[in-house]
Amino acid sequence: MSAIKLAIVGVGKIVHDQHLPAIAANADFELVASASRHHTVAGLPGYTSIEAMLGAVPEIDAVSLCMPPQYRYQAAQVALAAGKHVFLEKPPGATLSEVADLEALAAARGVTLFTSWHSRYAPAVQPAKAYLAAHAPTAMQVSWKEDVRQWHPNQEWIWQAGGLGVFDPGINALSIVTEILQSRIFLTRATLEFPENRDAPIAAELHFQDAAGMPVHAQFDWRQTGPQSWDIVVQTADGELKLSNGGARLWVHGVEQPLEKEAEYPSLYRRFAELVRAGRAEVDVAPLRHVADAFMLGRRKVVDAFHD
Ligand code: NAP
């Protein structure tokens, strides 16, 4: 089977940290070009726009779109209209409606659209899902607290409208929650804390429940110094389940479980190749819908200005 000729669009931190090593290790893909306004990938032809790249390298089969979410729709539309398969970094877009439009466009062109959620491929996620399928949860607490200065330095886009603020990491927690639970949850109340000088929240407290009333309480905070937490704790009638380190570690009834090695982005690219080869799309907006609900239902609280 010939390799899928892939191009990267929006070369930045996540491309260098994760995409390039994952693609290099996957024989299903051959990386052939990149498009980015200011950055290139060493050893690859680079173009300053997706339009220029697709014009110059027509053999491209697929693109991975890795720019900030506010700028992804236009590039996705261009790629899909040109008949290319599209991998969307998380979150898949700035609005639900634009993702719905891309889904329809991909279906009309008969190409793959993949809304990637890397945290769903963390090693604790499938074992946790299997446990909860057998032991119904009675309550869940999510604590996603990190130091924004450490993890998102110089990322202006993340503080702008559509950049999601603390929901940029928080949506990873929601992608795990929506994967491991058998039941659908919905938001009942929320508070979003906006620094007075920013258009995106620095913290959020969210209360969800499912149809049976099972509560899910989530706290996202970017002001955390000292120990960072990316934890999900679930109570069941038979005891407690805990995922920590963003799903890299798992405890059942207080006993740490052996897990596979972390391989989130290699798994995402394996899945993308499967979808392309099978001629299928995978579009799941559940985590983004919960974030949209939080912006719709959440009480807004203005807090101290944030300076880098
Ligand atoms: P980043 O480094 O700040 O941005 C990626 C690249 O996007 C930039 O280098 C820039 O390249 C391009 N870009 C920036 N502003 C743009 C604009 N206005 N229009 C078009 N292109 C623009 O961000 P990142 O950390 O890689 O994150 C990108 C995406 O990956 C986000 O959705 C994020 O949630 C996701 N992600 C990030 C991480 C992480 O650890 N950083 C982890 C998982 C997922 P040019 O200036 O060359 O155009």
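Residues numbered from 1 in each chain as written. Predicted model: local features only at pLDDT ≥ 70, side-chain atom pairs only at ≥ 80, totals over all residues. Heavy atoms only, no water.

- Going by what an unreviewed UniProt entry lists, the protein is known as Gfo/Idh/MocA family oxidoreductase and is assigned to Rugamonas rivuli.

A closer look at unusual backbone geometry
Logical step 1: Pro91 follows Lys90 through a cis peptide bond whose omega is -15 degrees.
Logical step 2: Within the element layout of this structure, Pro91 appears in the loop between β5 (85-88) and α4 (96-109).
Logical step 3: At Leu164, a residue that is not glycine, the phi angle is positive and equals roughly 80 degrees.
Logical step 4: The phi torsion at Asn245 lies on the positive side, around 50 degrees, for a residue other than glycine.
Logical step 5: By secondary structure assignment, the location of Asn245 is in the loop between β12 (239-244) and β13 (249-252). (Helix = DSSP H or I, 4+ residues; strand = E, 2+ residues; numbered from the N terminus.)

Description of the sheet that holds strand β2 (residues 29-35)
Logical step 1: As summarised here, the arrangement of the 6 strands in space is β3-β2-β1-β4-β5-β6, forming an open sheet in which the pairing is parallel. Of all the strands in the sheet, the pair left with one neighbour each is β3 (46-47) and β6 (113-115).
Logical step 2: Bridge analysis of β5 against β6 gives 3 bridges, and the strand direction is parallel. Its bridge partner being in β6, Leu88 is matched across the sheet by Thr115.
Logical step 3: Set on the sheet, helix α3 (residues 72-81) makes contact with β4 (62-65), β5 and β6; between it and β5 the angle comes to about 160 degrees. (Pairing = 2+ DSSP bridges. Contact = heavy atoms within 4.5 Å. Axes fitted to C-alpha atoms, helices over the stretch in contact; angles between N-to-C directions.)

Observations regarding the UniProt feature "domain: Gfo/Idh/MocA-like oxidoreductase N-terminal" (unreviewed entry) in the protein
Logical step 1: The positions that UniProt labels "domain: Gfo/Idh/MocA-like oxidoreductase N-terminal" (unreviewed entry) are, in the present scheme, residues 4-114.
Logical step 2: Between the end C-alpha atoms of residues 4-114 the distance is 15 Å, and the span holds 39% helix and 23% strand. (UniProt positions renumbered as here; feature names shortened; annotations may be inferred.)

Let's talk about the site of the ligand
Logical step 1: The local shell around the ligand holds 23 residues, among which Val11, Ser36, His38, Gln155 and Asp168 are the closest.
Logical step 2: Interatomic distance of 2.6 Å between a side-chain N/O atom of Ser36 and an oxygen atom of the ligand.
Logical step 3: In this structure, an oxygen atom belonging to the ligand sits 2.6 Å away from a side-chain N or O atom of Asp168.
Logical step 4: Burial of the ligand by the protein amounts to 83% of the accessible area it has alone, namely 870 Å².
Logical step 5: Split by domain, the residues of the shell around the ligand number at least three in each of domain 1 (4-115) and domain 2 (119-263 + 292-303). (Near = heavy atom within 4 Å. Polar contact = N/O pair within 3.5 Å; in protein donor to acceptor, adjacent residues only side chain to side chain. Areas by Shrake-Rupley, 256 points an atom, 1.4 Å probe, with all protein chains shown as cover. Domains from an automatic or database assignment.)

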